[in-house]
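# Topology and contacts: notes
As a plain string of letters, each chain reads:
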Amino acid sequence: MIEQFGYKQELKRALSFWDLLVYGLIFMVPIAPFGVYGYVAEASKGMVALAYLIGMAGMIFTALSYARMSEAFPVAGSVYAYAQRGIHETVGFISGWAILLDYILIPSLCYVVSANALTSLVPAIPAWVWIVLFLAVNTVINVRGVEFTARANKITLIILFAVLVLFLITGVTALLGSGGFTVKPIYDAEHFDLNLVMSAVSIAVLSFLGFDAISTLSEEVKGGSKAVGRASVAALFTVGFLFIAQTWVASDLGRGMQVASLDTAFYEIAGAAGGVWLKTVSILATVLSWGISAALVAQAAISRILFSMGRDRKLPAVLAKVHPRYQTPYVSTMLVAVVSLIVSLGFQDHMPLLTNLVNFGALTGFVVLHLSVIIHFTIRQKSRQVIAHLLCPLIGMGVIAYVMASMEPLAIKAGIVWLALGAVYLFIRSRVFKDKSTTMEW
């Protein structure tokens, strides 16, 4: 299938639609709001469910664009590969460089969230110890291969759903016994301000990042090119419903409650509703989902992008080396582990900034993705499917631009610096080292 694009099939095709769906759900983490709830609640003035609803609405259009491009170009590399073939090689590199900022920082963010959660439970053990432990376990699993990762994901997902059901049952029972639900988590007339809500969306959207990572496994799927698109959309709708449900319950439970820390806000709410046992279970579930499962698939995703860019000689070719036994991009995987360790230790006390940096990289890549759909289908192929190939991408771009405008100014500046570094690298590579690669026509 990928031979038509000039590549050799090197990665093992072992994943089904359901494996991809589980992969996406694990990456997005069904209980993702547990770890960032306090920050979203503060920014949205308690309208957390509304922030997640808007975030899901915006990401739906992005998921549809991923579905279109993954069918047209079923190769590893995600946004990098789609922009490269849908627009131009240079645009592909810049979009790949942008998405690198997202994927290469996500494992670090996962480790920081997990370490903070465990430190609140076991203060005697330093956070860096947990970070090193999680990183070592995930690296070994990823080098072993996607089949091993897929099995681990399924077990973890069952555990996470069980914890989420426990919280929802306990929370709903507590609310029914103390006045019931309100509409304030979705709309609070007294505090509603669209700019405030959108600033909360800029944090909440982090929880949806993951459906896009499914496309990085395009060369390891055995169900055909359409499986990637279907799994992306299905994963997005599933977690969107779960995010809105759990944050609605948590917002009503925590209304008027004083929390000790934004990092532990959700756990304190869970403890107030169900007791110490539910608080402890919520912390341990967050540790498992962020520190092991989400970081595990994040590391797998970024290693595939590095593999793809190394294979195209856009990054050092050594990144495209495949393990002779496990058929995995092990050099890229090891590099991600080293970078994750450095970033995790450096950003332990700066989680909001790290979150916004991750989102900047992802959303920049998404803008280019939508543009790729328009240029490839509407302009080049003269498609008459106006809704699918023009209107939906335009709406997606508009929503993403609004969210990015609400980010922390420091994160936007840091993101722009990252893009500038990518442009400098590309210039040096093409001019100083006289890169002889030519623009590909597709």
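I will try to describe carefully the structure that is included in this document. (Residues numbered from 1 in each chain as written. Predicted model: local features only at pLDDT ≥ 70, side-chain atom pairs only at ≥ 80, totals over all residues. Heavy atoms only, no water.)

So, about the overall build of the protein. Helices and strands together make up the secondary structure of the protein, namely 15 helices and zero strands. In terms of overall size, the protein behaves like a compact globule, its C-alpha atoms giving a radius of gyration of 21 Å where 442 residues would be expected to give roughly 22 Å. In terms of its C-alpha atoms, the protein occupies a principal-axis envelope of roughly 70 × 45 × 40 Å. Looking at the 442 residues of the protein, the share that counts as buried comes to 58%. A sequence separation of at least 24 residues applies to 83% of the contacts in the protein between residues at least 6 apart. Accessible surface, the protein: about 16900 Å² in total, of which carbon and sulfur atoms supply 69%. Treating the 29 positive side-chain charges of the protein as one cloud and the 22 negative ones as another, the clouds have centres 10 Å apart. (Helix = DSSP H or I, 4+ residues; strand = E, 2+ residues; numbered from the N terminus. Rg over C-alpha atoms; globule rule 2.2 N^0.38 Å. Buried < 20%, exposed > 50% of the residue type's maximum accessible area, 1.4 Å probe, protein only. Contact = heavy atoms within 4.5 Å. Areas by Shrake-Rupley, 256 points an atom, 1.4 Å probe, with all protein chains shown as cover. Lys, Arg positive; Asp, Glu negative; His and termini not counted. Charge placed at Lys NZ, Arg CZ, Asp CG, Glu CD.)

Attention now goes to the pattern of salt bridges. Within the structure shown, the criterion is met by one salt bridge. Note that R255 and D252 form a salt bridge whose closest N and O atoms lie 3.6 Å from each other. Of the residues examined, D252 reaches a relative accessible area of 10% and is grouped as buried. (Salt bridge = Lys/Arg side-chain N within 4 Å of Asp/Glu carboxyl O.)

Take the side chain of S202 next. Here S202 is to be found in helix α8 (residues 194-204). Once residues within four sequence positions are removed from consideration, S202 is found in contact with N356, N359, V403, S406 and M407.

Running from amino to carboxyl end, helix α2 (residues 33-44) crosses helix α3 (residues 48-72) at an angle of 105°, the nearest separation of the two axes being 9 Å. What the angle tells us is that α2 and α3 run roughly perpendicular. For the pair α2 and α3, the contacting residues are P33, V36, Y37, V40, A41 and S44 in the first and V48, A51 and Y52 in the second. In terms of residue class, the contact of α2 with α3 is built from eight nonpolar, one polar and no charged. (Axes fitted to C-alpha atoms, helices over the stretch in contact; angles between N-to-C directions. Parallel < 35°, antiparallel > 145°, perpendicular 65-115°, else oblique. Nonpolar A, V, L, I, M, F, W, Y, C, P; charged D, E, K, R; others polar.)

One pass over the structure, following the stated rule, counts 16 aromatic pairs. Aromatic side chains Y37 and F266 sit 5.8 Å apart centroid to centroid with 80° between the ring planes, which places their arrangement in the edge-to-face category. One end of the pair, Y37, is in helix α2; the other, F266, is in helix α10 (residues 265-274), and 229 residues separate them in sequence. Accessibility classification places Y37 together with F266 in one group, the buried group. Taking the centre distance of 6.0 Å and the plane angle of 90° together, the rings of Y66 and F366 count as edge-to-face. Residue Y66 is found in helix α3, and its partner F366 is found in helix α13 (residues 351-380); the two are separated by 300 residues along the sequence. (Phe/Tyr/Trp six-rings, centres within 6.5 Å; stacked < 30°, edge-to-face > 60°.)

This part takes up unusual backbone geometry. One non-glycine residue, V29, lies in positive phi territory at about 65°. Locating V29 in the fold gives a position in the loop between α1 (17-28) and α2. At K382, a residue that is not glycine, the phi angle is positive and equals roughly 55°. Counting through the fold element by element, K382 comes out in the loop between α13 and α14 (386-405).

Right, let's get into the packing of α1 against helix α11 (residues 276-311). For the pair α1 and α11, the least separation of the axes is 7 Å and the interaxial angle reads 115°. Relative to α11, α1 is oriented roughly perpendicular. Helix-helix and strand crossings are classified by hand; for α1 and α11 the assignment is left-handed. Here α1 contributes Y23, I26 and F27 to the contact with α11, which in turn contributes S293, A294, V297, A298, A300 and A301. For the contact of α1 with α11, the per-class residue count stands at eight nonpolar, one polar and no charged. (Left-handed = near helix turned anticlockwise from the far one by under 90°.)

These values are about where atoms sit, not about what they do.
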